[in-house]
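# What the coordinates show
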Amino acid sequence: MDLGLSRRVAVVTGGSSGIGLATARRLLDDGARVVICGRDRDRLEAARVELAGGDRLQAEVCDVLDAAAVAGLAQRVIDRFGKVDMLVNNAGQARLSTFASTLDADWDAELKLKFFSVIHPTRTFLPHLQASDAGSVVVVNSLLARQPEPHMVCTSAARAGVQNLVKSLSVELAPRVRVNSILIGTVNSGQWRRRYDERADDGMSYRDWLGALARKKGIPLERFGEPEETAAAIVFLASPAASFITGASLEVAGGVSRFA
Ligand code: NDP
């Protein structure tokens, strides 16, 4: 299926690792020009080298929570590629905490991360997306938005708010810009690798640990997703091939959701 990505320009926030990195790779493979950003310069440079996108790839240090930095990013993207057709709001990470263990400062930080990682890039790139004949935004969200977990209370509540925001944006930005989200279950990425590395117990390989977790979580497909599988859904929704889809949420979760 031709997704119509040739000569399109995509910005992927948090493109230096995991799902964002896989999304950038898929976009490049499909002919797009791609901009990735992240906070850590070394990780970003490693991703740039790994992606080997030549003059179709731009890698920029940028914290999406810093509005001025996002404005600078947008300027550099326009200077380089002249336009933006697709924005993938992917940057972020989860917070493990119950209601009892979540301090006010944690709530502040989590709500800020989840909302402003979408608000800053969307607001900043909007004029360019509106100027495109195929402008689109994809928000990388989580099943937690609809199915909260007791050990991720704060993240779940923030995700629900973001899901609501996606719906509002899909109406306000229509008809020029489509806005969709994907709802991830568990994807084998940097986040899970870090959690594995931080475990106190040992004696289990990373793969076995993921497998045991998948069984514990009752994932019908009996495994974690891979970043490439998530990227395929993101790239489809972002692409002109999804031209009549807006305000939609696509589950990429191995069947683990319990809502119809
Ligand atoms: P990774 O940790 O592998 O990648 C996260 C990426 O986001 C990195 O490139 C990181 O780079 C970047 N990033 C984080 N904070 C910022 C910031 N403030 N500004 C710019 N870049 C930032 O995680 P995943 O690939 O798993 O996560 C991608 C998205 O998917 C996240 O939003 C995450 O919450 C969501 N998600 C993931 C799930 C999973 O199971 N993996 C489940 C549900 C949702 P750097 O640290 O250098 O800034």
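Everything below is about the structure shown above.
These numbers were taken from a predicted model, which means no experiment stands behind them.

On to the pattern of salt bridges. Pairing of side chains with opposite charge becomes possible as their charged atoms draw close. In this structure the tally under the stated criterion is 14 salt bridges. A salt bridge links Asp85 to Lys83, with the nearest nitrogen and oxygen atoms 3.2 Å apart. Relative accessible area serves as the criterion here: at 1%, Asp85 is assigned to the buried category. Given a relative accessible area of 31%, Lys83 falls into the partly exposed group.

Here Gly203 is to be found in the loop between α6 (190–197) and α7 (206–217). Taking relative accessible area as the criterion, Gly203 reaches 82% and is therefore assigned exposed. Between the alpha carbons of Gly203 and Leu213 there is a distance of 15 Å; along the sequence they are ten residues apart.

In the vicinity of the ligand lie 29 residues, with Ser16, Ser17, Arg43, Arg159 and Ser189 positioned nearest. Protein coverage of the free-state accessible area of the ligand, which is 880 Å², stands at 95%. Those elements that provide at least two residues to the shell around the ligand are α1 (18–29), β5 (135–142) and α6. Considering each element in turn, the shell around the ligand owes the most residues, four residues, to α6. Across the shell around the ligand, the residue classes tally to eight nonpolar, 15 polar and six charged.

In terms of burial, β5 is largely enclosed, as eight of its eight residues are buried. Neither face of β5 is left uncovered, since the one carrying Gly135, Val137, Val139 and Asn141 and the one carrying Ser136, Val138, Val140 and Ser142 both have all their residues buried. Both strand β4 (residues 86–89) and β5 contribute to a ladder of four bridges, which runs parallel. Each residue of the ladder has a partner; that of Met86, found in β5, is Ser136. Considered for its hand, the β-α-β crossover made up of β4, helix α4 (residues 104–131) and β5 is right-handed. The pairing of β5 with strand β6 (residues 177–184) spans eight bridges and is classified as parallel. Bridging across to β6, Val137 finds its partner in Val179.

In this section: the sheet that holds β5. Strand order in this open sheet of seven strands is β3-β2-β1-β4-β5-β6-β7, and the pairing throughout is parallel. Two strands in the sheet have a free side with no partner beyond their single neighbour: β3 (57–61) and β7 (249–252). Within this sheet the neighbouring strands show an average axis-to-axis angle of 15°, counted without direction. Pairing between strand β1 (residues 9–13) and β4: three bridges, direction parallel. Within β4, the position partnered with Val11 by the bridge is Leu87. Across the sheet, helix α2 (residues 41–51) touches β2 (33–38) and β3, and the angle it forms with β3 is around 175°.

Membership of the largest hydrophobic core comes to 29 residues, with the highest contact counts inside it found for Leu5, Leu27, Val34, Ile36, Leu51, Ile182 and Ile234. Put simply, the parts of the chain that give this core at least two residues each are β1, α1, β2, α2, β4, β5, β6 and α8 (227–238). Leave out the neighbours within four places in its chain, and Leu5 touches Leu27, Asp30, Gly31, Ala32, Met86, Val235, Ser239 and Pro240. Counting 26 residues, the second-largest nonpolar core is a separate cluster that includes Val64, Val84, Phe125 and Leu173.

A few words on the packing of aromatic side chains. Taken as a whole, this structure holds five aromatic pairs when the rule is applied. Centre to centre, the rings of Trp192 and Phe224 are 5.0 Å apart; their planes meet at 85°, and the pair counts as edge-to-face. With Trp192 in helix α6 and Phe224 in the loop between α7 and α8, the pair connects residues that are 32 residues apart, well separated along the chain. Here the two residues Trp192 and Phe224 agree in accessibility, since each one is buried. Residue placement shows Arg193 over the ring face of Tyr206; its charged tip is 4.5 Å from the ring centre. Geometry around Trp192 places Arg195 over its ring, the cationic atom sitting 4.2 Å from the centre.

A separate point is unusual backbone geometry. Residue Pro175 is reached from Ala174 by a cis peptide bond, and omega for that bond is 5°. The residue Arg7 is not glycine, and still its phi comes out positive at about 70°. For Arg7, a relative accessible area of 58% puts it in the exposed group. Look at Ala52: it is not a glycine, yet its phi comes out positive at around 45°. Residue placement: Ala52 occurs in the loop between α2 and β3.

Cut-offs and rules
- Residues numbered from 1 in each chain as written.
- Predicted model: local features only at pLDDT ≥ 70, side-chain atom pairs only at ≥ 80, totals over all residues.
- Heavy atoms only, no water.
- Salt bridge = Lys/Arg side-chain N within 4 Å of Asp/Glu carboxyl O.
- Buried < 20%, exposed > 50% of the residue type's maximum accessible area, 1.4 Å probe, protein only.
- Helix = DSSP H or I, 4+ residues; strand = E, 2+ residues; numbered from the N terminus.
- Near = heavy atom within 4 Å.
- Areas by Shrake-Rupley, 256 points an atom, 1.4 Å probe, with all protein chains shown as cover.
- Nonpolar A, V, L, I, M, F, W, Y, C, P; charged D, E, K, R; others polar.
- Pairing = 2+ DSSP bridges.
- Right-handed = clockwise from strand over helix to strand, strands pointing away.
- Axes fitted to C-alpha atoms, helices over the stretch in contact; angles between N-to-C directions.
- Contact = heavy atoms within 4.5 Å.
- Core = buried A, V, L, I, M, F, W, Y, C linked by side-chain atoms within 4.5 Å.
- Phe/Tyr/Trp six-rings, centres within 6.5 Å; stacked < 30°, edge-to-face > 60°.
- Lys NZ or Arg CZ within 6 Å of the ring centre and 35° of its normal.

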